[in-house]
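Chain and residue survey
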Amino acid sequence: MKNLLIIMLSIFTFGLSSQNKETYIYSIKGNDTLKLDVFTPKNIKKTDSLPVLLWMHGGGFQGSHRAHPVDSKLVKHVAKHKNYIGVSIDYRLLRKDKATGFGCDCTKDEKLETFKQATIDFLDAAKFLVDNAEMLQIDTTKIIAGGSSAGAEGALNAVFMKDYFIADKEKYNEVNFAGVFSCAGAVVDASYINEDNAIPTVLFHGTEDQLVPFGNAPHHFCKPTKAGYIILDGSQVVVEKLKEFKTSYYFNIVKGGRHEISRIPFEDLDKVFNFFKKTIMDEDVVQTTIIKTK
């Protein structure tokens, strides 16, 4: 084990289940002790190293937690059915108990700082996995970053916006992502997507999302006169950049869908992970757009 400061909090083996759970502290920042839950297939061999889904929950940077039943269901599912290691993480909820929340009264600077710190937390969690890959039996070349809503923003920014948010990039030299799974996410500036960081990406988004824009539009659709006016690039813009670099994507558009499309699409997980198998494991180029009507 490379990092002796890592503390394993608990190990639970579910007698009749198909995965083992371990909980670790991956970082302590001020009053925040940040933990992650690692779900590993029960039948894993000592010589195995498996791909990983690294998942960040939603909640508007104000609420929820890594062990929310829906998020836990996802990472358990990938460990049980997909032969992945599933990891669900805490991160700093910088808008928790703030009177202005994360809407139009939260200033642009506060929003950018929130995005930045979520990006750092996501990268720190990924670095923990890389630093302890042997112990956790992780294939560090096959880490998929994922999240829902605020978590999708954190994951997407960690993958595509490192040059924008991170001053000390050398700290994360060993952290590389193989794919992205985003449910109603956006980036601060899609021009930072380039040939070097463009990777296979799954995006679910509703065309009428009222919080996280589907295209290029203000966050929460705040008016220019509001303190929280900031333009984000949603899934549609991200896909256009991926097309530019001939990178694989799976784009699930729900016409008329609003922010409820941020929910985890359990009914489509077979398609999502089949896409990752083709594009990451088999190195095929696949560009798929699915259009549904709400």
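Here the structure is a predicted model, which means the values were calculated and not measured. Every chain is numbered on its own, with residues counted from 1 as its sequence reads. Thresholds applied to this predicted model are a pLDDT of at least 70 for local features of residues and 80 or more for the giving and counting of side-chain atom pairs; totals over whole chains, interfaces and linings are not thresholded and use all residues. Side-chain numbers here rest on the full set of heavy atoms in the structure, without hydrogens or water.

This paragraph deals with the packing of helix α2 (residues 108–131) against helix α4 (residues 150–160). Between N-to-C directions, angles span 0 to 180 degrees; the directions come from axes that are lines fitted to C-alpha atoms, helices contributing only their stretch in contact. Secondary structure follows DSSP: runs of H or I at least 4 residues long count as helices, runs of E at least 2 residues long count as strands, and numbering of each begins at the N terminus. The contact between α2 and α4 brings their axes to 8 Å, and the two run at 75°. Taken together, the axes of α2 and α4 lie roughly perpendicular to each other. In this structure, α2 contributes F115, A118, T119, F122 and L123 to the contact, and α4 contributes E153, G154, A155, N157 and A158. Its residues placed into classes, the contact of α2 with α4 shows six nonpolar, three polar and one charged. Any angle that falls under 35 degrees is termed roughly parallel, while one over 145 is termed roughly antiparallel, one within 65 to 115 roughly perpendicular, and all others oblique. Any pair of residues with heavy atoms lying within 4.5 Å of one another is described as a contacting pair. Residue type decides the class: Asp, Glu, Lys and Arg count as charged, Ala, Val, Leu, Ile, Met, Phe, Trp, Tyr, Cys and Pro as nonpolar, and the leftover types, Gly among them, as polar.

Here the focus is the environment of K45. On the secondary structure map, K45 appears in the loop between β3 (32–41) and β4 (50–56). Each residue gets one of three labels from its accessible area relative to the maximum for its type: buried under 20%, exposed over 50%, partly exposed in between, using a 1.4 Å probe on protein chains only. Note on K45: relative accessible area 57%, which makes it exposed. Taking the C-alpha atoms as reference, K45 lies 12 Å from L136; in sequence the two are 91 residues apart.

To continue, consider the pairing of strand β11 (residues 231–234). As paired strands, strand β8 (residues 186–187) and β11 are joined by two bridges and run antiparallel to one another. Bridging across to β11, V187 finds its partner in D233. Here a strand pair is declared whenever DSSP counts at least two bridges between the two strands. Where strand β10 (residues 216–218) and β11 come together, three bridges link them in antiparallel fashion. Considered in β11, the bridge of A217 is made with L232.

Residue types Ala, Val, Leu, Ile, Met, Phe, Trp, Tyr and Cys, when buried and joined through side-chain atoms within 4.5 Å, form a set referred to as a nonpolar core. Core analysis: the biggest nonpolar cluster contains 64 residues, and L36, L54, V87, I89, F122 and F177 have the highest contact counts within it. Among the elements that take part in this core, α2 stands out by supplying eleven residues, more than any other. The residues touching L54, leaving out its near neighbours within four places in the chain, are V87, I89, F122, A125, A126, L129, I143, I144, A145, G146 and F177. Core analysis: the next-biggest nonpolar cluster, separate from the first, contains 25 residues, Y84, V202, Y250 and V272 among them.

In this scheme Phe, Tyr and Trp rings, the latter by its six-membered ring, pair at centre separations within 6.5 Å, and the angle between planes marks the pair as stacked below 30 degrees, edge-to-face above 60, and tilted otherwise. Throughout the structure, instances matching the rule amount to 16 aromatic pairs. The interplanar angle of 85° and the centroid separation of 5.6 Å between the aromatic rings of F102 and F115 together place this pair among those described as edge-to-face. Taken as a pair, F102 in the loop between β5 (85–89) and α2 and F115 in helix α2 lie far apart in primary sequence, 13 residues in all. On the basis of relative accessible area, F102 is assigned to the buried category, the value being 5%. A relative accessible area of 2% places F115 in the buried class. Ring centres 5.4 Å apart and planes at 80° place the aromatic pair Y164 and Y192 in the edge-to-face group. One end of the pair, Y164, is in helix α5 (residues 162–165); the other, Y192, is in the loop between β8 and β9 (201–206), and 28 residues separate them in sequence. The partly exposed category is assigned to Y164, whose relative accessible area is 35%. The ring of F266 carries the charged tip of K73 above its face, separated from the ring centre by 4.4 Å. Lysine NZ or arginine CZ positioned within 6 Å of the ring centre and within 35 degrees of the ring normal marks a charge as sitting over the ring.

As a further point, take the state of the cysteines. Here, a disulfide means two cysteine sulfur atoms that sit within 2.5 Å of each other. This structure, assessed with the given rule, holds one disulfide. C222 provides the cysteine sulfur closest to C106, a residue in no disulfide bond, and the two sulfurs are 9.0 Å apart.

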